[in-house]
Amino acid sequence: MTESGFAKGNGNGPYDDRECSCPREFYQRDEINTSLFFDDCSRSIDFVLAFRINAHEPTEAENTEKRRVFEANLISQGLEVESVQKDQICFVKIHAPLEVLRRYAEILKLRMPMKEIPGMSVVNRSTKSIFSSLKTICKFFLRNIYVDEDIFPRRAHRFTAIYSRDKEYLFDIRQDCFFTTAVRSRIVEFILDRQRFPAKNQHDMAFGIERLIAEGVYCAAYPLHDGEIMETGTMRALLYKHWASVKKWYRYQPLDDIKEYFGVKIGLYFAWLGYYTYMLLLASIVGVICFLYSWFSLKNYVPVKDICVRSNKNITMCPLCDWCNFWDLKETCNYAKVTYLIDNPSTVFFAVFMSFWATLFLELWKRYSAEITHRWDLTGFDVHEEHPRPQYLARLEHIPPTRVDYVTNTKEPTVPFWRMKLPATVFSFSVVLLLIALAFVALLAVVVYRMSMLAALKLGASPMTTSSAIVLASASAAFVNLCLLYILNYMYNHLAEYLTELEMWRTQTQFDDSLTLKIYLLQFVNYYASIFYIAFFKGKFVGHPGQYNKLFDYRQEECSSGGCLTELCIQLAIIMVGKQAFNTILEVYLPMFWRKVLAIQVGLSRLFNNTPNPDKTKDERWMRDFKLLDWGPRSLFPEYLEMVLQYGFVTIFVAAFPLAPFFALLNNILEMRLDAKKLLTHHKRPVSQRVRDIGVWYRILDCIGKLSVITNGFIIAFTSDMIPRLVYRNYVSKDGTLNGYLDFTLSEFRVSDSPTLNSLAGDLSNITTCKYTDFRLPPSSPEKYTLSSMFYIILACRLGFVVIFENFVALVMILVRWCIPDMSVELRDQIRREVYVTNEIIIEQEAHRARFERAKRSSSVLQTPVDQDLDAASIQEPNAKFINIEKLLTENLTQIEMDAIIHGENKTTGIAGADC
C-alpha cells in the first residue's frame, strides 16, 4: 500500500529521471547564506561547538585545557576547525573534508547513491497502491490534499550500496549533494562522541562531546539550519510554511523532504503519526455514529423511563457508605441517562469494530512501512551494524576484548555476567517493582479521596443529589489522579534512564528499546491502574447490606444503580482529554520558557532577542542557531510515548468511551503540526539518525491490540448491563421487552436485620426495607440474602459471552493478518530484482576493473590509451546483458584520472563540499 492519508509522501506515480535528485539545500547553492561556510566561503560548516569565556571562574583554566586537547584530537582525525568570538561566546566551526567523509562513510557502512547507469532503469522504483484506481477517480478532488509538487518536487530514488573506497567507481562523489548536510553532520557527531579529553585520575568516561557539555566545558554542539523560517528558497522556510502550519492540517506531509532535512528517525515518526491519524478518521466516524444512535434512542429506553417518569412511588435505596443516608432512586435520573449513552446495543458493535480496527491498523502500517523502508533504503539495515555506544565501551575499557562481533568482525569486550550484568538486572527489576507498588499506593489514595468527597457532598450543609454527588466526586478524583500521574512520571523517567545505563546495553538501539519498555510499563500502570480498578474491581466484591466485605474495617466502594460504566467513562475522559490538553499547552509554551531560561544561564539576553539585526542576518547563522534548544538523541521518546498511551485509551477501554477516537483525531491533527513547528522554530537542527522501523513501539502497539480484545470483552460482560438485559429480555420478560427490568435488577433488604441501617433509619418507621443492586433472595426467603439462581445464570452468560467474543474476534484478526501480507508481492519482487541488478552491476564492474589492471601490467609503454583498447575489446564480448559500463565510467575522464580511481586515489577537482 502506498502513502495514505496524512502520511502522504511526495508524489503518487512512478519516479523518473526528471525528478529532483538532490536536497533543496543544493538547488540554489549560489543563494545560500554565506554564514553556512567558513570565512573563505569554500568550506561548509558541518558542525558548531560553542562555549562561554569567563576568566573569573575557577575551572576556566582546566576547561581551556580540555578544549585544547579535544580540538587537537579532532584535527588529528582530519577535521578542520575555525574559531570566532561573539559577545563572550566562542564558536568553533567544524568542517569535514572529503577524505574524512570517505573514510568514515566506509567505517559507518553508510548506504550511498550509486551512479545513474541506464541499465538500472529496468527496475521501477515506485510501488503500486491497492487504492490506485480509487485515487485515479478521486484525483481531481484530492489534488488539494496531496503534497504540492510545485513546492516539494518529487525526489529521484536511485540505487544505493554500502560505501567502500575500494568500490568508489560505483559512486559519483563529484556530485554536489553526494555527501548531504545530514550525512556530514552524522559523521562529525560520530567523531565528536569518541574523542577523549584530559581528566583527573584518568576517568573512563573522559570522552565525547556530551560529557564536555554536561561538565560545562562547552555550552552546545549542533549542526546548522539552512536558513531562517521566513527566508525564501530554504527547506526550513518551506517546511515551516507548508508543513508546520496548522492551516495546512488537511494536506499530506512531504515525508521525503522531512526525512532529507531531519533524518530517517524523525521522518519515520511523522510517517507513523500521519498514518495513525489517518486511520483514526474511520474510527472517529463510527464512534460518532454510535454515540448519535444512543442519543436518539435514549427517549425509548424503558429502564430510564422507569426511573425518571413512570415511578409513581419512591424506591428507597440502601446507603452507599457507612455514614451515608438512605436515598431515592429518582435522584439518579440524569446518571441513568448518561449511562445509557455509553451502555447501549451499539457498544458491542463498536468494541468489535475497534478490535478489528486495531489489527487492520497494525497490518496496514507494516505494509506501508515496508514501502517507506524500501524507498528510504532501510530494507537491509540491521541493528547489529551499529557501533557500540561510547558509554558501553568506556565502562569496559579495563576488560580485554575477547569476543569477535560476527557482523563487524572486530574484537569487543564481553560484559562480565556475574559481576556486572546480573546485579544490574536484579537491581533494575527490583526498583521497577517498587515503582509499580508506588503507583498502586497512589491509586489507593485516589480511592480514599473519592469516598471522602462523596460523603462530604452528601452530608454537607447543602447536600447534593446522589447522581450529582457521584459525578462530581468521580470528576474531582480523576483530576487529582491526573496531577499525581504527572508527578510520578517525572520521577519515573529519571530513574528508568539511570537503571538502563546500569544494564550495559551495547548499541543505542538496544538502550532505547530497554528504556522504552521500562518507562512504558511504569506509565501503563500509572495511567491505567485507576481505570482498571473502576472497570473490573469497584463494586464487584462489596457483599450486601448487613454483611459487607470490609477492608481495613472500611466498606469498599459501591457502584450506583446501573453499574460503574459511567464512572469509568468520566475517569477515562478526564485523564485522556486532560492529558492531551495539558501536553498541547506544554508543547506551545514550554519551549519558549526554556529558551528564556537558557538566555539567563548563558547571561547573554541580547543574543536571544527574537528580532535579528538586519545587517547581520546573512553572516551569523551559527550564532542564531545557538539560541535554540537542543533536540537530543531521545527527544522523540516522549512524542512516541504520548501517542502510544493515547492508543491504549482508544483501544483498551473504547467500550466505555466511544468518542475516544474522535478526541484523539482532533488532538493528533494539532499535535502533528505543533511538533513540526516546535522542531523548526525552537530547536537546533537534529543530527540525522538511521533506524529501520519504529522499534519496540510496534511490539507495544501489538500487545495493546491483543489486550484490548480481552478488556473490551470483560467490560461489556461484567461492567455493562448488556448481559442482564439480554437474559431478562429472552428468558424472564413475557413480551420480550424491558418492562419491569428495573425491579428485576434490584434486591430487597429489611432494615431491622442490620443494626447500622436501623440506627440510620432512626424513628422513621416508614423506612422498613431498602433496595440495592444485586441478584439475591428476599428477606422472606428461608435462605435470605444469598445469591439467587438468576445470579449464576447471568454469570454463566457473562463468561460464555467473553469466550465467544474473544474467540470470534481472534479468528477474524487472524484472517485479517493472513489476508494482508506484511509486504506486497510487487514490492517483494521489486526488492529482489533491485538486489539482483545491483549485484550483477558490481560483479561486472569488478570484472572490468580486473581487465583494466591486467592490461596496464601487460603494457610497458602507454602509446595507445588503454581504455580505448578495452572499449574495443568489450564490444566484441558476447555478454550484452547490460550496457557498456566500462565506457560509461571512463566517459569524460583522462587516463590519469581513471588510474587514480582504480587505485582508490581521487585527484579530481570540484568535489562536493570543497567549493562554495
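Bear in mind the structure is a predicted one, so any value in this text is a computation, not a measurement.

**Student:** Please clarify how the overall build of the chain should be interpreted in this entry.
**Tutor:** Counting its regular elements, the chain contains 29 helices and 16 strands. Looking at the chain residue by residue over its 916 residues, the buried ones come to 55%. Looking at the chain alone, contacts between residues at least 24 apart form 78% of all its contacts between residues at least 6 apart. When the accessible surface of the chain is totalled, it reaches about 41,900 Å², and 60% of it is carbon and sulfur.

**Student:** What exactly am I supposed to notice about the pairing of strand 1 (residues 47-52) here?
**Tutor:** The side chains of a regular strand alternate, residue by residue, between the two faces of the sheet. For strand 1, a buried count of 5 out of 6 residues is recorded, marking the element as mostly surrounded by other parts of the structure. Where strand 1 lies against strand 3 (residues 89-95), 6 bridges are found, and the strand directions are antiparallel. Residue pairing across strands places Val48 opposite Lys93, the latter belonging to strand 3. Bridge count between strand 1 and strand 6 (residues 220-222): 3 bridges; the pairing is antiparallel. Residue pairing for strand 6: Val48 is matched across the bridge by Tyr222.

**Student:** Even after reading the chapter, I still don't get helix 20 (residues 660-681), so can you show me in this structure?
**Tutor:** For an α-helix the count is 3.6 residues per turn, leaving residues at separations of three or four pointing the same way. Taking 1.5 Å per residue, 22 residues should reach 32 Å; helix 20 reaches 31 Å between its end C-alpha atoms and fits that length. Across the 22 residues of helix 20, 17 count as buried, placing the element largely inside the fold.

**Student:** How should the environment of Leu108 be read in this particular structure?
**Tutor:** Along the polypeptide, Leu108 turns up in the loop between helix 2 (98-107) and strand 4 (111-113). Put simply, Leu108 and Phe190 are 82 residues apart on the chain and 9.0 Å apart in space, counted from C-alpha to C-alpha.

**Student:** Sorry, what's going on with the pattern of salt bridges here?
**Tutor:** Once their charged atoms are close, side chains differing in charge can pair, the charge on each being opposite to the other. Applying the stated criterion across every chain, the model contains 32 salt bridges. Linked by salt bridges that have partners in common, Glu363, Lys366, Asp702, Lys706, Arg817 and Asp822 make up one network.

**Student:** Can you walk me through the state of the cysteines in this structure?
**Tutor:** What we call a disulfide is simply a covalent bond connecting the sulfur atoms of a pair of cysteines. A complete count under the given rule lists 2 disulfides for this structure. Note on cysteine connectivity: Cys308 is disulfide-linked to Cys333, with sulfurs 1.9 Å apart. Its S-S torsion of approximately 115° makes the covalent link between Cys308 and Cys333 right-handed. Note that Cys308 is positioned in helix 10 (residues 302-308) and Cys333 in helix 11 (residues 333-342), a separation of 25 residues in sequence. Each sulfur of the disulfide joining Cys318 and Cys770 lies 1.9 Å from the other.

**Student:** Mind showing me how you'd approach helix 19 (residues 636-652) here?
**Tutor:** Helix length check: helix 19, at 17 residues, gives a terminal C-alpha distance of 24 Å against a target of 24 Å (1.5 Å per residue), a fit within 8%. Counting buried positions along helix 19 gives 16 out of 17 residues, so the element sits mostly inside the fold.

**Student:** Honestly, the packing of helix 21 (residues 696-719) against helix 25 (residues 789-819) in this entry has me stumped. Any pointers?
**Tutor:** Each pair of packed helices can be described by the angle between their axes along with the distance between the axes. At their nearest, the axes of helix 21 and helix 25 sit 9 Å apart, and the two run at 150° to each other. With respect to helix 25, the element helix 21 is oriented roughly antiparallel. Judged by the sense of rotation from one axis to the other, the crossing of helix 21 with helix 25 is right-handed. Each of Asp702, Lys706, Val709, Ile710, Asn712, Gly713, Phe714, Ile716, Ala717 and Phe718 in helix 21 lies in contact with helix 25, whose residues at this interface are Leu795, Arg798, Leu799, Phe801, Val802, Phe805, Glu806, Val809, Met813 and Arg817.

**Student:** What is the right way to look at the packing of aromatic side chains in this model?
**Tutor:** To describe a pair of aromatic rings, one takes the distance between the centres and the angle between the planes. If you walk through the whole model with that rule in mind, you get 55 aromatic pairs. Aromatic pair Tyr275 and Tyr278: ring centres 6.5 Å apart, planes at 50°, arrangement tilted. One end of the pair is Tyr275 and the other is Tyr278, both in helix 9 (residues 264-296) and 3 residues apart, which spans about a single turn. A relative accessible area of 0% places Tyr275 in the buried class. Tyr278 gets classed as partly exposed once you look at its relative accessible area, which sits at 31%. Relative to Phe536, the ring of Phe532 has its centre 5.7 Å away and its plane inclined at 40°; by these criteria the two rings are tilted.

**Student:** What is the right way to read a nonpolar patch on the surface from this model?
**Tutor:** Where nonpolar side chains cluster on the molecular surface, the patch consists of Phe582, Leu586, Leu590, Phe593 and Trp594 and spans about 460 Å² of accessible area. Structurally, Phe582 is set in helix 17 (residues 565-602).

**Student:** What's the story with the sheet that holds strand 6 in this structure? I'm lost.
**Tutor:** Two strands in a sheet stick together by hydrogen bonds in their backbones, pointing the same way (parallel) or opposite ways (antiparallel). Within the open sheet, the 4 strands sit side by side as 2-3-1-6. Their pairing is antiparallel. Two strands bound the open sheet, and with one partner strand each, they are strand 2 (80-86) and strand 6. Between one strand axis and the next, the sheet turns by 20° as a mean value, whatever way the strands run. Here strand 2 runs beside strand 3; their pairing, made up of 7 bridges, is antiparallel. Pairing of Glu80 across the sheet is with His95, part of strand 3. Helix-sheet contacts for helix 1 (residues 60-76) involve strand 1, strand 2 and strand 3, and the interaxial angle to strand 1 is about 165°.

**Student:** Could you clarify how one ought to interpret the side chain of Lys518 in this entry?
**Tutor:** In this fold, Lys518 is placed in helix 16 (residues 508-536). The contacts of Lys518, once residues within four sequence positions are left out, are Ser428, Ala496, Leu499, Thr500 and Glu503.

**Student:** Even after reading the chapter, I still don't get the nonpolar core, so can you show me in this structure?
**Tutor:** Nonpolar side chains in soluble globular proteins tend to be buried together. Ranked by internal contacts, the top residues of the largest apolar core, which has 153 residues, are Phe270, Trp272, Trp357, Tyr520 and Tyr528. It is helix 9 that provides the largest number of residues to this core, a total of 15 residues. In this structure Tyr528 touches Tyr520, Gln523, Val644, Leu645, Gly648, Phe649, Ile652 and Phe653, once residues within four positions along its chain are discounted.

**Student:** Please clarify how the environment of Leu443 should be interpreted in this entry.
**Tutor:** Its location among the elements puts Leu443 in helix 14 (residues 417-459). Assessed through its relative accessible area of 13%, Leu443 is described here as buried. In this structure, the C-alpha to C-alpha distance between Leu443 and Leu484, residues 41 residues apart in sequence, is 9.3 Å. Excluding anything up to four places from it in sequence, Leu443 contacts Ala529, Ser530 and Tyr533.

**Student:** Help me understand unusual backbone geometry in this model?
**Tutor:** What you tend to see is this: most non-glycine residues have negative phi, and most peptide bonds are trans. In the Ramachandran plot, Lys109 falls in the positive-phi region, its phi being about 55° despite a non-glycine side chain. Within the fold, Lys109 resides in the loop between helix 2 and strand 4. On the basis of relative accessibility, which here comes to 30%, the residue Lys109 falls in the partly exposed class.

**Student:** I keep staring at the confidence of the model for the chain and nothing clicks. Help me out?
**Tutor:** Any segment with low pLDDT has predicted coordinates that should not be analysed in fine detail. Here the chain shows a mean pLDDT of 77. Residues at 70 or above account for 78%. Summarising per-element confidence for the chain, the mean pLDDT is lowest in helix 28 (residues 885-890) (35) and highest in helix 9 (93). Considering only residues more than four positions removed or in separate chains, one finds that residues 604-619, a stretch of pLDDT under 50, has 31 contacts.

**Student:** What should I look at first to understand the packing of helix 12 (residues 346-375) against helix 25 in this one?
**Tutor:** Closest axis-to-axis distance for the helix 12/helix 25 pair is 10 Å, and the angle between their directions is 30°. Between helix 12 and helix 25, the interaxial angle falls into the category roughly parallel. For the element pair helix 12 and helix 25, the recorded crossing hand is right-handed. Between helix 12, through Val348, Ala351, Val352, Ser355, Phe356, Thr359, Leu360 and Glu363, and helix 25, the contact on the second element is made entirely by Phe801, Phe805, Phe808, Val809, Val812, Met813, Val816 and Arg817. Per-class residue counts for the contact of helix 12 with helix 25 are 12 nonpolar, 2 polar and 2 charged.

**Student:** Got a minute to help me understand the side chain of Thr373 in this structure?
**Tutor:** If you trace the backbone, Thr373 turns up in helix 12. Residue class for Thr373 comes out buried when judged on its relative accessible area of 10%. Separated by 2.9 Å, the side chain of Thr373 and the backbone oxygen of Ala370 make a polar contact.

**Student:** Explain the environment of Ile229 here, please?
**Tutor:** Counting through the fold element by element, Ile229 comes out in the loop between strand 6 and helix 7 (235-242). When its relative accessible area of 16% is taken as the criterion, Ile229 is described as buried. Here Ile229 is in contact with Arg236, Ala237, Tyr240, Leu680 and Thr681, once residues within four sequence places are set aside.

Rules used throughout
Residues numbered from 1 in each chain as written. Predicted model: local features only at pLDDT ≥ 70, side-chain atom pairs only at ≥ 80, totals over all residues. Heavy atoms only, no water. Helix = DSSP H or I, 4+ residues; strand = E, 2+ residues; numbered from the N terminus. Buried < 20%, exposed > 50% of the residue type's maximum accessible area, 1.4 Å probe, protein only. Contact = heavy atoms within 4.5 Å. Areas by Shrake-Rupley, 256 points an atom, 1.4 Å probe, with all protein chains shown as cover. Pairing = 2+ DSSP bridges. Expected span 1.5 Å × (residues − 1). Salt bridge = Lys/Arg side-chain N within 4 Å of Asp/Glu carboxyl O. Disulfide = S-S within 2.5 Å. Axes fitted to C-alpha atoms, helices over the stretch in contact; angles between N-to-C directions. Parallel < 35°, antiparallel > 145°, perpendicular 65-115°, else oblique. Left-handed = near helix turned anticlockwise from the far one by under 90°. Phe/Tyr/Trp six-rings, centres within 6.5 Å; stacked < 30°, edge-to-face > 60°. Patch = residues over 30% accessible without salt bridge, like charges linked within 9 Å, V, L, I, M, F, W, Y side chains within 5 Å. Core = buried A, V, L, I, M, F, W, Y, C linked by side-chain atoms within 4.5 Å. pLDDT = per-residue confidence, 0-100. Nonpolar A, V, L, I, M, F, W, Y, C, P; charged D, E, K, R; others polar. Polar contact = N/O pair within 3.5 Å; in protein donor to acceptor, adjacent residues only side chain to side chain.

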